[in-house]
Amino acid sequence: MIRRKPSPMRRLRNAALVCAAVTGVVAANAPVVADAADYAWNEYERHQGDYRAEHGFWETVELPEEYRLSAVHAALLHTGKVLLIAGSGNNAERFEAGTFRSILWDPVSGESKEIPTPEDLFCAGHAYLPDGNLLIAGGTREYEQLEDQVDRAAGVLNITNDQDEELTLPEGTRFVSSGRTYLSTEEVTLPAAHEMPDGTAMTEPQDVWVEAEGPGDDYVVAEDSVFGMPDLPATHRGDVHARSNSVTLEKQNFQGLDASYEFDVESETYRRAGRLDEPRWYPTLINLQDGRILAVSGLDEYGRVLPGDNEIYDPGSRTWTDSPELFRYFPTYPALFRLADGERIFYSGSNTGYGPADQGRQPGIWDLTDNSWVDVPGLEDPEYNETSTSFFLAPVQDQRVGMVGGGLVGDSDESTARFNVVDLSSADPRYEAAPDYPSPARYINAVTLPDDSTMLTGGSVGYRGNGESDLHLTAMYDPDAHTMHEAAPNQVGRNYHATAVLLPDGRVMTMGSDPLFADAERTKSGTFETRLEIYSPPYLFAGDRPELSEAPEEVVRGESFTVSTATDVAEARLLRPSAVTHQTDTEQRSIALDVAAGPGDTFELTVPAEEGLTPAGWYMLVVLDDRGVPSPARWVHVG
Ligand code: CU
């Protein structure tokens, strides 16, 4: 395992943080604004130079009205612009109207650009391709119907066709069971059965959604039932069979879409890719070796959690292929981390959204070479994994993952302040306690900074900010000193559907938040937060910054390259840009480069050799001086 000695820069910085930890502690859950006088004082104090230098500084940014959107997804592209995707943005009216949105925001110029969005990418998954384009897959086919909106029983029928002829059943086809009639809500094509060498017929059963022709309980089907099809041509009767054991008046989940697009960074447009093999709502996408991308989990086209059907994208053919050899169940939006050997994936236990509480909640290591699994024990509050947040501690060579916050499954006001860390380089990895977040919280945004600290910001105590429980709270975790201390509090509350990303200049941008209610009493509906907020960490108030005057655009794993800078370089990092939604980001990681002084103003930096540490793609190259102050980033590509 790659273990690096702390450099002088790190020791200095750690000493500084220990002091900050003592002076920076304020009451964990204290509201930021107690009264008008306090507010005025806070407003004054937070603008002071010494406060900023110790705690950093937040600025709220309001986009021009026509560009405001419900930013559910955020991805930093290697042009330095941030792609914000709303799709229908958790708004059923916009979904019905086919209003799907994305904007591209330039944090340097402040300019926005509307990006035509071809399908509803709301709640898709995403990961970067080696060329830096963003692959997006899944999305919303249909909005959920809450129980009080469901007046006709509905469910999925499974249909088999034993004839050697394909058959298409149009929308509105009638299905009858025990005298009750149900109508299909979509067309379905039943492939022809084909004969196997042993003479038996091989069929491909198809699912179709049906709705009762009338309202009420009489249409509920709770046990395995056979359905007749009076509309079938006489030639097919007896060869086509429909059955179901569940036609209900229960809540109908969101339904997944099989859409897949590459966001082309150069032309700033969505390019169509092959459809997913399985429709997915709330999937996780993660890069593999050879530039392939794995998609796991999600709700299918009828709102059922996929039982373990995973699939792989080939960037050459731009197509998805079902991977039955990697069959494995995860709850929706599982937090996955590819390890240094490139072949194993760590599931931290974090996830968001859907799935039974007793299935797929155990953290573990998944070996893709043989689909085997090893549990990782030791996690505190294991029933609080939903809406928790996980991230690689910096640098990624340490192979440590942290997991913070989270809540009970579903709509609960219970959350935890738990922060645990696991060292995956150990022979028997096990979660260990780390300093708690200063408050119980769900939906914490984690952003790893160039100086190796991870900024934890926002979240809410209750489900979707319920009970006005948004946190105005930001903390810095130092992975070397193992300390957590508070930074300047965010001004805008961020709960569900909020994100944060590191920007190339070292600032952090936060956006989104989707409260269920606007008041503590749950009487008024919440509105989606469209303001951005940008945090400048203390290192931006520390005086002169190092500056990279020269660096190559292409670097190679295992090899050295030369950069020029007038400052003495203590450390260098490659930071992979975030592509984040629902606290799920398989991209963010910080890679330490070996540093050696060269002639004149030059330094030789060396990229680690392992593909699993530095997957192909674009990175932000940053050098740090001996105070731990980072340079603005230059974009470099790892082939
Ligand atoms: Cu969502």
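All residue numbers refer to position in the chain's written sequence, counted from 1. The predicted origin of the model limits local features to residues at a pLDDT of at least 70 and limits the giving and counting of side-chain atom pairs to 80 or more, whereas totals for whole chains, interfaces and linings rest on all residues. As a rule here, side-chain values come from all non-hydrogen atoms in the structure, and water together with hydrogens is ignored.

Novice: Hey, could you run me through the coordination of the copper ion in this one?
Specialist: Ideal geometry at a metal centre: 109.5 degrees between donors when four sit tetrahedrally, and 90 or 180 degrees when six sit octahedrally. The coordination sphere of the copper ion, as far as protein atoms go, consists of Tyr282 (OH), His497 (NE2) and His582 (NE2), spread over 1.9 to 2.0 Å. Coordinating N, O and S atoms are those within 2.8 Å of the metal (3.2 Å for Na, K and Ca), and as water is not part of the atoms, a site may appear to have fewer donors than expected. Coordination of the copper ion draws on donor residues from a single chain, spaced Y-x214-H-x84-H in sequence. Here Tyr282 is found in the loop between β22 (269–272) and β23 (284–287), whereas its partner His582 is found in the loop between β45 (579–581) and β46 (589–597), with 300 residues between them in sequence. Between buried and exposed lies partly exposed: a residue is buried under 20% and exposed over 50% of the maximum accessible area for its type, with that area taken using a 1.4 Å probe on protein chains only. What makes Tyr282 buried here is its relative accessible area of 0%. Where helices and strands are cited, they refer to DSSP runs of H or I of at least four residues and of E of at least two residues respectively, numbered from the N terminus.

Novice: Where do I start with the sheet that holds strand β34 (residues 431–433) in this structure?
Specialist: Where strands meet in a sheet, backbone hydrogen bonds hold them as pairs that are either parallel or antiparallel. Ordered in space as β31-β32-β33-β34, the four strands form an open sheet in which the pairing is antiparallel. Each having just a single partner strand, β31 (389–392) and β34 make up the two edges of the open sheet. With strand direction ignored, the average angle separating the axes of adjacent strands in the sheet is 25°. In short, DSSP must find at least two bridges between two strands for them to pair. Note that β31 and strand β32 (residues 400–404) share four bridges and pair antiparallel. Each bridged residue has a counterpart across the sheet, and for Ser390 the counterpart in β32 is Met403. Between N-to-C directions, angles cover 0 to 180 degrees, with each direction set by a line fitted to C-alpha atoms, over the stretch in contact for helices.

Novice: I'm lost on the pairing of strand β2 (residues 73–76) in this one. Help?
Specialist: The two faces of the sheet receive side chains in turn, since in a regular strand these alternate between them. Side chains His73 and Ala75 project from β2 onto one buried face, and the interleaved Ala74 and Leu76 project onto a second face that is buried too. Following β2, the chain reverses through five residues before pairing antiparallel with strand β3 (residues 82–87); Gly80 in that reversal takes a positive phi of roughly 90°. With three bridges connecting them, β2 and β45 associate as antiparallel partners. The residue bridging His73 from the neighbouring strand is Thr581, located in β45.

Novice: I tried to follow the nonpolar core on my own but got confused; where do I start?
Specialist: Soluble, globular proteins show a tendency: their nonpolar side chains are buried together. Counting residues in hydrophobic clusters, the biggest one holds 37 residues, and the most contacted among them are Leu84, Leu449, Leu502, Val508, Met509, Met511 and Tyr535. Listed by contribution, the elements that provide at least two residues to this core are β2, β3, β4 (101–105), β39 (498–502), β40 (508–512), β41 (532–536) and β48 (617–624). It is β48 that provides the largest number of residues to this core, a total of four residues. The start and end points of each domain follow an automatic or database-based domain assignment. The two domains that each donate at least three residues to this core are domain 1 (48–144 + 253–541) and domain 3 (548–638). The next biggest cluster of nonpolar side chains, apart from the first, holds 34 residues, and it includes Ala340, Phe346, Tyr431 and Tyr619. Nonpolar core, defined: a set of buried Ala, Val, Leu, Ile, Met, Phe, Trp, Tyr and Cys residues in which side-chain atoms within 4.5 Å join the residues together.

Novice: Looking at this structure, how should I read a negative patch on the surface?
Specialist: Residues Asp164, Glu165, Glu195 and Asp198 make up a contiguous surface patch of negative charge. Counting through the fold element by element, Glu195 comes out in strand β14 (residues 194–195). Accessibility expressed as a relative area gives 65% for Glu195, which makes it exposed. Like-charged residues within 9 Å of one another, or nonpolar side chains (Val, Leu, Ile, Met, Phe, Trp, Tyr) within 5 Å, are grouped into patches, provided each residue has over 30% relative accessible area and no salt bridge. Per-residue accessibility takes into account occlusion by the displayed protein chains alone, with areas from the Shrake-Rupley method and a 1.4 Å probe. Every case where a carboxyl oxygen of Asp or Glu lies within 4 Å of a side-chain nitrogen of Lys or Arg is listed as a salt bridge. Here Asp and Glu are counted as negative and Lys and Arg as positive; His is not counted, and neither are the chain ends. The location of each charge is read from NZ of Lys, CZ of Arg, CG of Asp or CD of Glu.

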